[in-house]
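# Summary of structural features
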Amino acid sequence: MYPSYIAGTDQLYPDDNLPLERAWRGESVVVDDIEVHQPDRIIPVEARARPIHDAHGNITFAITTFQDINERQKAEA
């Protein structure tokens, strides 16, 4: 597993702000300021997270998806 960094920096992404952590606190969130640093490349990612509630409204799960946004960023530039 590779650590997550704040995009454009060598600073680790704060655990409290990671999308999965925020989903466990009840937020639905989309962020695109995360990078995964591998030995041979840096991968910019968009992360989407949301809490999953049971019938009583309690958070029982949280789900996160990640998408490589390297091509999108190149097109935007």
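Residues numbered from 1 in each chain as written. Predicted model: local features only at pLDDT ≥ 70, side-chain atom pairs only at ≥ 80, totals over all residues. Heavy atoms only, no water.

Labelled according to an unreviewed UniProt entry, the chain appears under the name PAS domain-containing protein, originating from Limnospira fusiformis PMC 851.14.

## Considerations on the sheet that holds strand S2 (residues 29-37)
Pairing in this open sheet of four strands is antiparallel, and the strands run S1-S2-S3-S4 from one edge to the other. A strand with exactly one partner marks an edge of an open sheet, and here the two such strands are strand S1 (4-6) and strand S4 (59-68). On average, adjacent strands in this sheet sit at an angle of 45 degrees to one another, irrespective of strand direction. (Pairing = 2+ DSSP bridges. Helix = DSSP H or I, 4+ residues; strand = E, 2+ residues; numbered from the N terminus. Axes fitted to C-alpha atoms, helices over the stretch in contact; angles between N-to-C directions.)

## Looking at the pattern of salt bridges
A full pass over the atoms with the stated rule returns six salt bridges. Here Arg 72 and Glu 46 are joined by a salt bridge, their closest N and O atoms 2.9 Å apart. Of this pair, Arg 72 sits in helix H2 (residues 70-76) while Glu 46 sits in strand S3 (residues 42-53), and the two are 26 residues apart along the sequence. With a closest N to O distance of 3.6 Å, Arg 72 and Glu 76 form a salt bridge. Of the two residues, Arg 72 and Glu 76 both sit in helix H2, four residues apart, roughly one turn of that helix. On the basis of relative accessibility, which here comes to 32%, the residue Arg 72 falls in the partly exposed class. Taken together, the shared-partner salt bridges in this structure form one network comprising Asp 32, Glu 46, Arg 48, Arg 72 and Glu 76. (Salt bridge = Lys/Arg side-chain N within 4 Å of Asp/Glu carboxyl O. Buried < 20%, exposed > 50% of the residue type's maximum accessible area, 1.4 Å probe, protein only.)

## Focus: the side chain of His 37
With respect to the element layout, His 37 can be found in strand S2. Of the polar contacts made by the side chain of His 37, one reaches the side chain of Glu 35; its length is 3.1 Å. Apart from residues lying up to four places away in sequence, His 37 is in contact with Tyr 2, Pro 3, Tyr 5, Thr 9, Asp 10 and Ile 42. (Polar contact = N/O pair within 3.5 Å; in protein donor to acceptor, adjacent residues only side chain to side chain. Contact = heavy atoms within 4.5 Å.)

## So, the UniProt feature "domain: PAC" (unreviewed entry) in the chain
In the numbering used here, UniProt assigns the feature "domain: PAC" (unreviewed entry) to residues 24-77. Span residues 24-77 is 15% helix and 57% strand, its end C-alpha atoms 34 Å apart. (UniProt positions renumbered as here; feature names shortened; annotations may be inferred.)

## Observations regarding a nonpolar patch on the surface
Side chains of Ile 52, Phe 61 and Ile 63 sit close together on the surface and give an oily, nonpolar patch of about 290 Å² of accessible area. Owing to a relative accessible area of 46%, Ile 63 belongs among the partly exposed residues under this scheme. (Patch = residues over 30% accessible without salt bridge, like charges linked within 9 Å, V, L, I, M, F, W, Y side chains within 5 Å. Areas by Shrake-Rupley, 256 points an atom, 1.4 Å probe, with all protein chains shown as cover.)

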